[in-house]
Amino acid sequence: MRKQRLFGPAVTLLAALAIGQHVAVGTVAGQPDQPAAKGDPALRKRAAEFVAAFDKGDAAAVAGFWTPDGDYVDQLGRQVKGRGEIQKLYEKAFAERKGARLSITPTSGRMVTPDVAVEDGVTVVTPADGGPGTAARYTAVLVRKDDRWLLESVRESVAFPPSNAEHLEGLEWLIGDWAGEGEKGKSARASYSWAENQNFIVCSFATTLNGVPIVGGTQWIGWDASGKQVRSWTFYSEGGFGEGVWARDGNRWSVMTAATTADGKKVSVTSVVTRVDADHVTVQPTNLSVDGKAIPDAEPLKLKRLKQDRP
């Protein structure tokens, strides 16, 4: 973590110098008819010069891309102010991580005035040996003085991985363990949990008939950013697999699934998952067919949340 903070200003400066390619694509704030200096050649040239200085580990040259009284605040809120102090920070960073490389991903930006720009993004520093990189989020303020873009201010924060949790909020109530009994000796258990930075909800499930295992497996539920819908991918214990599309209607979700069994049969089914209340849910399979042959609907399965697992 300490080394990550040391390299914060170096990485974020490169992002700020790329502002001509990422930020200056709209208009100056408050002046809708005045286009920003899109693709400023001088700024692109400065960015290339900065990369060269960084690759050489030249702390004095890199610090020269800051204004004389520029300041940097790291992820812990500690401030380094002035070009001279920033140079010392670079000297220490370059000594500790010789040959490190950097990359940037600007996420947003705007031209405040023709000579002031603000950019947000994510930076990654990769060590010379090719090991795992360290990441940080940043907000940088860049100013133009004497036709040169200089870094005036950088604020750094922890870089959290992106998450699609907001698109799965309608299913968050499923998190926990469930069990239930159905008609004719059928029973089921299911356990739901967040996975991969809350980008997915993972379900492990198993069903039995009169105590004899029927089928079980694992299901991953996630957000399809292209199709703008919730989807699921299911892997059954006997070797089959399936893919589903989820559609919400109030407290009810319809899951249209197309699956392939272990012996190659094609199965389609629409499962209606209804939230009765915070602790009860029903699952009703409908429109079931195997290789195009319709199968009568099964009885709904009622599941109850196991109290000790309630979130």
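First, a word on scope: everything that follows refers to the structure included in this document. (Residues numbered from 1 in each chain as written. Predicted model: local features only at pLDDT ≥ 70, side-chain atom pairs only at ≥ 80, totals over all residues. Heavy atoms only, no water.)

**Notes on the overall build of the chain**
To be explicit about the condition: Note on conventions: DSSP H or I runs of at least 4 residues are helices, E runs of at least 2 residues are strands, and numbering of each starts at the N terminus. Burial classification: accessible surface area is computed with a 1.4 Å probe over protein chains only, and a residue below 20% of its type maximum counts as buried, one above 50% as exposed, and the rest as partly exposed. Here a residue-residue contact requires only that any non-hydrogen atoms of the pair lie within 4.5 Å. Accessible areas in this description were obtained via Shrake-Rupley with a 1.4 Å probe; residue shielding takes into account the shown protein chains only.
In terms of regular secondary structure, the chain is built from 6 helices and 19 strands. By residue count, 41% of the 311 residues in the chain fall in the buried class. A fraction of 44% describes how many contacts in the chain between residues 6 or more apart in sequence connect residues 24 or more apart. Accessible area for the chain stands at about 16400 Å²; split by element, carbon and sulfur atoms hold 53% of it.

**Things to note about the layout of surface pockets**
Just so we agree on the cut-off: Here the term cavity refers to a set of points on a 1 Å grid, laid over the protein atoms alone, in which a 1.4 Å probe fits but cannot get out; the term pocket refers to an open set having protein on both sides within 12 Å along at least five of seven lines, with lining residues being those that place an atom within 4 Å of a point. Grid points are joined across faces, edges and corners, and a volume is the space filled by probe spheres set on the points. Each residue is assigned to one of three groups, with Ala, Val, Leu, Ile, Met, Phe, Trp, Tyr, Cys and Pro labelled nonpolar, Asp, Glu, Lys and Arg labelled charged, and all others, Gly among them, labelled polar.
Quantified by volume, the largest pocket comes out at close to 1200 Å³. The wall of the largest pocket is formed by 41 residues, among which Phe205, Val215, Tyr236, Ser271 and Pro285 lie closest to the centre. Where the lining of the largest pocket is concerned, the elements lending two or more residues are strand E10 (186-195), strand E11 (200-209), strand E12 (212-224), strand E13 (229-236), strand E15 (252-260), strand E16 (266-277), strand E17 (280-290) and strand E19 (301-305). Classifying every residue of the lining of the largest pocket by side-chain character gives 27 nonpolar, 9 polar and 5 charged.

**Focus on the side chain of Ser187**
As a reminder of what qualifies: Polar contacts, as counted here, are pairs of nitrogen or oxygen atoms within 3.5 Å of one another; within protein the pair requires one atom able to donate a hydrogen and one able to accept it, and residues that are adjacent in sequence qualify only if both atoms are side-chain atoms.
You can see Ser187 is positioned in strand E10. You can call Ser187 buried: its relative accessible area is 17%. A polar contact of 2.5 Å, which involves the side chain of Ser187, links it to the side chain of Thr208. Look past the residues within four positions of Ser187 in its chain and what remains in contact with it is Gly180, Glu181, Ala206, Thr207 and Thr208.

**Things to note about the pairing of strand E8 (residues 148-157)**
Which entries qualify depends on this criterion: A pair of strands is treated as paired once DSSP finds two or more bridges between them.
The pairing of strand E3 (residues 66-73) with E8 spans 4 bridges and is classified as parallel. Each bridged residue has a counterpart across the sheet, and for Tyr72 the counterpart in E8 is Val154. Linking strand E7 (residues 134-145) to E8, which pair antiparallel, is a turn of 2 residues; within it Asp146 sits at a positive phi near 55°.

**Details of the nonpolar core**
Keep this limit in mind: Nonpolar cores were defined as sets of buried Ala, Val, Leu, Ile, Met, Phe, Trp, Tyr and Cys residues, with membership established by side-chain atoms within 4.5 Å.
Ranked by internal contacts, the top residues of the largest apolar core, which has 23 residues, are Val62, Trp66 and Tyr90. Counting residues per element, this core draws most heavily on helix H6 (residues 83-96), at 4 residues. If you look at the next biggest cluster of nonpolar residues, it comprises 20 residues, including Ala188, Ile221, Trp253 and Val255.

**Description of the packing of aromatic side chains**
Quick reminder of the rule: Here the aromatic set is Phe, Tyr and Trp, taking the six-membered ring for Trp, and pairing holds for ring centres within 6.5 Å; pairs whose planes are under 30 degrees apart are stacked, those over 60 apart are edge-to-face, and all others are tilted.
Taken as a whole and assessed by the stated rule, the structure comprises 5 aromatic pairs. Geometrically, the ring pair formed by Trp246 and Trp253 is edge-to-face, given 6.0 Å between the ring centres and 70° between the ring planes. Taking relative accessible area as the criterion, Trp246 reaches 7% and is therefore assigned buried. Take Trp253: its relative accessible area is 7%, and that puts it in the buried class.

**Considerations on the environment of Thr260**
The residue Thr260 is located in strand E15 in this model. When the C-alpha atoms of Thr260 and Tyr236 are compared, they prove to be 9.7 Å apart, with 24 residues separating the residues in sequence. Ignoring any residue separated from it by four or fewer positions in sequence, one finds Thr260 in contact with Gly240, Phe241, Lys265 and Lys266. Side chain to side chain, Thr260 and Lys266 meet in a polar contact 3.1 Å long.

**Thoughts on unusual backbone geometry**
Leaving glycine aside, a negative phi is the common case for residues, and trans is the common case for peptide bonds. Phi is positive for Asp146, which is not a glycine, with a value near 55°. Tracing the chain through its elements places Asp146 in the loop between E7 and E8. Even without being glycine, Asn287 reaches a positive phi, approximately 50°. Inspection of the secondary structure puts Asn287 in strand E17.

**Brief notes about the pattern of salt bridges**
Spelled out, the test is: Each salt bridge in this description consists of a side-chain nitrogen of Lys or Arg and a carboxyl oxygen of Asp or Glu lying within 4 Å of one another.
With the rule as written, the count across this model stands at 9 salt bridges. Linking Asp279 and Lys307 is a salt bridge whose minimum nitrogen-to-oxygen distance equals 2.9 Å. Here Asp279 is found in the loop between E16 and E17, whereas its partner Lys307 is found in the segment after E19, with 28 residues between them in sequence. What emerges from the salt-bridge pattern is a single network uniting Asp224, Arg231 and Glu243.

Keep in mind these values describe shape, not function.
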